[in-house]
Amino acid sequence: MEMITRDARRKRPRSPRASDADQTTAPRPARKRRGGDGIYVPPHRAAADESSDVDALRKSITGLVNKATAANVRHVAPELLAENLVRGRGLLCRALLRSQAACPALTHVFAALAAVVNAKLPVVGRLLLVRLALRIRRARAHGDKPQLASAARFVAHLVNQGVAHELLALELTTLLLHAPTPGSVEVAVGLVRECGAALTESCPRGVDAVFECLRRILRDGVDVDKRVQFMIEDLFAVRRARFRDHPRVRPELDLIDTDDQVTHQVELSLDDDGDSNHVLDPELHLDVFNPSPLFKEDDKAYEEHKRTMFGDDTDEDDDEAESSDEEEAKEPDVTIVNDETQTDLTNLRRTIYLTVMSSLDSEEAGHKLLSVVRPGQEAELCAMTAECCTKEKASCTGYYGRLARRLCATNRAYGAGFAACFARHYAAAHLMQTDELRASSGLFARLLAADGDGAVPWRAALGRVRVTEEDTTSSSRIFLKELFLDLAEQLGIRELSRRMNDEDAEVRNALFPRDSANNTRFAINFFTAIGLGGVTESARQHLLSAQ
């Protein structure tokens, strides 16, 4: 037998295979190239580059949303539109929802930002409303009150901006009040407070139905706690004031004209009953990167769309930039730094508090405070004095009363400051404890009972108080009771009656309204019930003559 050496076995030719024939005849696949530079890019490298671009887009969108404030939203919006929001619309909606849930106090800012984007790209506004509706569904199903309140507040401000239709807010309010609980009623009250001005303007009948439902909750005694009842009463007061303190859109956030805004009137059914016709698609796949063969083409298409959004203002911008550069070259650079942390205000409050608490008597406190406070800070000193008084016992109001009189005798600005404090304390009476009500009313009673320069004018303080059943709450009536009992103790019934009835017609009409017999009768019964029937003689005579 022939021995085959190892070298011979290595040189022996290999028998042909079918696969070899296929390999020799099959054409070699063409290599992928990037653009026209002739550089080969493997598929995994191309996908990695696209993924890095999307990650940079996510970081840019999230950073712009997080830095938006009421002061700079006008400048952040163009920077946000410069990003590819067609590809990143899911990322933008997720960033808006997360930032709004983390900081509900800036909801109006995020709504303004969404309104600007929605005017240029309505698909973003539609997607945001769909995800917001699904978030409300989940919060109602799981009983998550904080998330439900945050989402309802976002809906309210989107209605104010014209992104969402008013029917969405009415539908949500109806669902919250259908089976009222303390949590659902509180969320509904907050929603109506935020967008009540817009709803009253567009659909007043719907607003009337909502307030009738709230009135029924108060009348029937539904199982809601006192705090929620006070919130409902406060909402009625806000409505009577025609939502003056809750405007539809603040001037600095009114960025889009009404004609340019796109309002989504699609019914976003919040009551998920399983009907396939009302299934909402959140398009969650937009939040995850998926390789696309048209990635570069999409970028070019958005660049063209961005030119149509911003218009052909590039040449004008260049000319303005050149002129501004010339002006800057002529004028020296001056940098103005505005401290928005309110550090000076915090230090002033701390100084006032320590001075008030460490002084032996009112004379020493007044002398020290007048040497600390600069012109223009009188209102802050009045507010801190009243706040310190409410935190003390009612027996300590004499000290604060004498201090307030000394300040009012020094400058008339303090009298106006304490009159403004009276209006704030009376409006927030439902948020104060009984001891705080007594202390606050005792302070203002000493100011109203004073004569000469150390007094607060009755018209400035009591001119806006209407003693009627609709304009008062249980807490405000306690405040008025303690106030007028202290005034009667210091002035006497005769002097108090003279000041309430004869001295100023505006004060008389506020304390004893004469627009209707029911209001006059309610005021008479109120003062009689607290033991001050002697001040009602003039009102009784007016009532008899009117009959």
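Going by what an unreviewed UniProt entry lists, the protein is known as MI domain-containing protein and is assigned to Eragrostis curvula. Heading Sequence similarities (unreviewed entry) of the UniProt record for the protein holds this comment: "Belongs to the CWC22 family." Recorded under Subcellular location (unreviewed entry), the UniProt text for the protein is reproduced unchanged: "Nucleus".

Undergrad: Outline empty space enclosed by the protein, listing residues and values.
TA: Take a probe with the size of a water molecule and roll it over the atoms, and the empty space left behind shows itself. Per the stated rule, a full pass over the model turns up one cavity of 30 Å³ or more. The volume enclosed by the largest cavity comes to roughly 40 Å³. What lines the largest cavity is Phe418, Ala419, Phe422, Phe444, Leu447, Leu448, Val456 and Ala461. Looking at the lining of the largest cavity, the elements that each hand over two or more residues are α19 (412-427) and α20 (434-449). Classifying every residue of the lining of the largest cavity gives eight nonpolar, no polar and no charged.

Undergrad: Kindly report on the layout of surface pockets, identifying the contributing residues and their values.
TA: In this model, the largest pocket occupies a volume close to 1,000 Å³. Lining the largest pocket are 28 residues, and of these Ala237, Ala241, Ala423, Tyr426 and Ala427 sit closest to its centre. Going through the elements one at a time, α12 (226-240), α19 and α21 (458-462) are the ones with two or more residues in the lining of the largest pocket. With six residues, α19 is the single largest residue contributor to the lining of the largest pocket.

Undergrad: Hey, could you go over the packing of aromatic side chains for me, with residue numbers and the actual values?
TA: Counted by the stated rule, this structure contains nine aromatic pairs. Taking 5.3 Å as the distance between ring centres and 70 degrees as the angle between the ring planes, the aromatic pair formed by Phe211 and Phe236 counts as edge-to-face. Taken as a pair, Phe211 in helix α11 (residues 204-220) and Phe236 in helix α12 lie far apart in primary sequence, 25 residues in all. We classify Phe211 as buried; its relative accessible area is 0%. Three or more aromatic residues joined by ring pairs make a cluster, and in this case those are Phe422, Tyr426, Phe444 and Phe479. The ring of Phe211 is capped by Arg239, whose NZ or CZ atom sits 4.3 Å from the centre of that ring.

Definitions and limits used
Residues numbered from 1 in each chain as written. Predicted model: local features only at pLDDT ≥ 70, side-chain atom pairs only at ≥ 80, totals over all residues. Heavy atoms only, no water. UniProt positions renumbered as here; feature names shortened; annotations may be inferred. 1 Å grid on protein atoms, 1.4 Å probe; cavity = no way out; pocket = protein on both sides within 12 Å on 5 of 7 lines; lining within 4 Å. Points joined across faces, edges and corners; volume = space filled by probe spheres on them. Helix = DSSP H or I, 4+ residues; strand = E, 2+ residues; numbered from the N terminus. Nonpolar A, V, L, I, M, F, W, Y, C, P; charged D, E, K, R; others polar. Phe/Tyr/Trp six-rings, centres within 6.5 Å; stacked < 30°, edge-to-face > 60°. Buried < 20%, exposed > 50% of the residue type's maximum accessible area, 1.4 Å probe, protein only. Lys NZ or Arg CZ within 6 Å of the ring centre and 35° of its normal.

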